[in-house]
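The primary structure of each chain is shown beneath.
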Amino acid sequence: MAQTILVTGGAGYIGSHTVLQLLLGGYKAVVVDNLDNSSPIAIKRVQELAGKHGPNLTFHQMDLRDKPALEKLFASTKFDAVIHFAGLKAVGESVAKPLMYYNNNLIGTIALLEVMAAYGCKKLVFSSSATVYGWPKEVPCTEEFPLSAANPYGRTKLVIEEICRDIHRADSGWKIILLRYFNPVGAHPSGYIGEDPRGIPNNLMPFVQQVAVGRRPALTVYGNDYATKDGTGVRDYIHVVDLADGHIAALCKLSDPSIGCEVYNLGTGKGTSVLEMVAAFEKASGKKIPMVLAGRRPGDAEVVYASTDKAKRELKWKAKYGIDEMCLDQWNWASKNPYGYGSPESAA
Ligand code: NAD
Ligand code: WQD
């Protein structure tokens, strides 16, 4: 029988791509999202892309902190596992509005875990982040590296990881996988779903994409004096479809009786500089991306990329796509949807 997976934040960027892979993989998906940072159109498009599997997706517009609503959902549906994406993720905003981040990310997660426990659903995949490695002393980052948080957003990820380790320590019936994503970019190759940030994008590729479609005049490059090949920051960019597939691998791993509370990096293991990424995007799109050099962005690390050995070994998962495919798919989405799921009027 098909497994039924609750996907919190499933209307968002990574969530929508993961829900599609779940449906195509024969799972049933129930999405809970308050649509604070996403559009119902994403859900509709995932359903369309899933073809005959589309009816296996159900959507509930709901805030995770609405515990009675969550309880009602668990009372009516038996979930085999939960993939928990829902949360706020803008680093700068978290510095300006820490209480909003602690309230949303921590209280939402605690409500979810309490309801899961009450209904005996103890299998969880959680969206953690490479941000928990801070400015790593060396690369590649292995899962054993010391953890730190440079901002309230990162601190919510660290605290949730610790909560997960604690609940597993208290009750070994919990099976939990913490996935530390590196830098997700790109879009589904159909160009039908992709990332659609509200306001001015914080991350590199959504910004580059908006320059390419004429919504912003130039990319600001934060720092060209790092000790890297061209002086700009180096990151591990990973295609969002690879990342989505990593969640399916993690779900399968949850059925391994030896699993407790485990952590895996999801990255490619390759470092790419800002200038290399821009060059790859220019090649993929045929568009020139004007750049303005500026100072380093506070809190930015110099070089961050993943060790992928543990995920390869234990999840039997590895990324298939390189930066050329990431940029081609990002451009395909951007050129077909220059205003994301919205319109010029709804864009900032
Ligand atoms: P996203 O903003 O596109 O998706 C998050 C979704 O959660 C949104 O649809 C939002 O409306 C929903 N949401 C937020 N708070 C909610 C609440 N209280 N109740 C119900 N729904 C709520 O972000 P994303 O890029 O898809 O990220 C998904 C997860 O992965 C997040 O937890 C994020 O912190 C984590 N992550 C993202 C990145 C990245 O660079 N995109 C990197 C590492 C980790
Ligand atoms: C990448 C590189 C910038 C924007 C962030 C979060 C992290 C995780 C992923 C959620 C850096 C440079 C960027 C711009 C630029 N998210 N840059 N101009 O900082 O690695 O990670 O997203 O968990 O927590 O911190 O990603 O895309 O912001 O930056 O020059 O307009 O691009 O300095 O070198 P980052 P990013």
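For the structure given in this document, a descriptive report is provided here. (Residues numbered from 1 in each chain as written. Chains lettered and ligands numbered in written order. Predicted model: local features only at pLDDT ≥ 70, side-chain atom pairs only at ≥ 80, totals over all residues. Heavy atoms only, no water.)

1. Some remarks on the sheet that holds strand S3 (residues 57-61)
Strands in a sheet are paired, the pairing made by backbone hydrogen bonds, and the direction either parallel or antiparallel. Taken together, seven strands build an open sheet; the order of strands is S3-S2-S1-S4-S5-S6-S11 and the sheet is parallel. Of all the strands in the sheet, just S3 and strand S11 (261-266) have a single pairing partner and so form its edges. For this sheet, the mean angle separating the axes of adjacent strands, direction not counted, is 20°. Note: strand S6 (residues 175-181) against S11, six bridges, orientation parallel. In the sheet register, Leu179 faces S11, and the bridge partner there is Tyr264. Sitting on the sheet, helix H1 (residues 13-24) is in contact with strand S1 (4-8), strand S2 (28-33), S3, strand S4 (81-84) and S6, with an inclination near 165° to S2. (Pairing = 2+ DSSP bridges. Helix = DSSP H or I, 4+ residues; strand = E, 2+ residues; numbered from the N terminus. Axes fitted to C-alpha atoms, helices over the stretch in contact; angles between N-to-C directions. Contact = heavy atoms within 4.5 Å.)

2. Some thoughts on the pattern of salt bridges
Two side chains of opposite charge can pair, provided their charged atoms sit close to one another. Following the criterion strictly, the structure yields 19 salt bridges and no others. In this structure, Lys122 and Asp171 form a salt bridge, with 2.6 Å as the shortest nitrogen-oxygen distance. One end of the pair, Lys122, is in the loop between helix H5 (98-118) and strand S5 (123-129); the other, Asp171, is in the loop between helix H6 (152-170) and S6, with 49 residues separating them in the sequence. On the basis of relative accessible area, Asp171 is assigned to the partly exposed category, the value being 26%. (Salt bridge = Lys/Arg side-chain N within 4 Å of Asp/Glu carboxyl O. Buried < 20%, exposed > 50% of the residue type's maximum accessible area, 1.4 Å probe, protein only.)

3. Looking at the site of ligand 1
In the neighbourhood of ligand 1, 28 residues make up the surrounding shell, with Asp33, Asn37, Ser38, Lys89 and Tyr153 lying closest. Between an oxygen atom of ligand 1 and a main-chain N or O atom of Asp36, the distance comes to 3.1 Å. For ligand 1, an oxygen atom lies 2.7 Å from a polar atom in the side chain of Asn37. Computed on the free molecule, ligand 1 has an accessible area of 820 Å², of which 95% lies beneath the protein chains in the complex. Contributing elements (two or more residues each) for the shell around ligand 1: H1, S5 and H6. When residues in the shell around ligand 1 are grouped by element, the largest group, three residues, is from S5. Of the residues belonging to the shell around ligand 1, the class tally is 12 nonpolar, 10 polar and six charged. (Near = heavy atom within 4 Å. Polar contact = N/O pair within 3.5 Å; in protein donor to acceptor, adjacent residues only side chain to side chain. Areas by Shrake-Rupley, 256 points an atom, 1.4 Å probe, with all protein chains shown as cover. Nonpolar A, V, L, I, M, F, W, Y, C, P; charged D, E, K, R; others polar.)

4. Some remarks on the packing of aromatic side chains
One pass over the structure, following the stated rule, counts seven aromatic pairs. Look at Trp333 and Tyr341: their rings are 5.1 Å apart centre to centre, the planes differ by 55°, and that puts the pair in the tilted class. The exposure class of Tyr341 is buried, given its relative accessible area of 11%. Ring-pair connections join several aromatic residues into one group, and the members of that group are Phe74, Phe79 and Tyr119. Cation over ring: Lys310 sits above Tyr264, and NZ or CZ is 4.8 Å from the ring centre. (Phe/Tyr/Trp six-rings, centres within 6.5 Å; stacked < 30°, edge-to-face > 60°. Lys NZ or Arg CZ within 6 Å of the ring centre and 35° of its normal.)

5. Notes on the site of ligand 2
If you check the shell around ligand 2, you find 18 residues, and the closest are Ser129, Tyr153, Thr220, Arg235 and Asp300. Note that an oxygen atom of ligand 2 is positioned 3.5 Å from one of the backbone N or O atoms of Asn202. In the model, a nitrogen atom of ligand 2 is placed 2.7 Å from a nitrogen or oxygen of the Thr220 main chain. For the shell around ligand 2, the element with the highest residue contribution is strand S8 (residues 219-222), accounting for four residues. Considered class by class, the residues forming the shell around ligand 2 number eight nonpolar, seven polar and three charged.

Remember, this is a structural readout, not a statement about activity or role.
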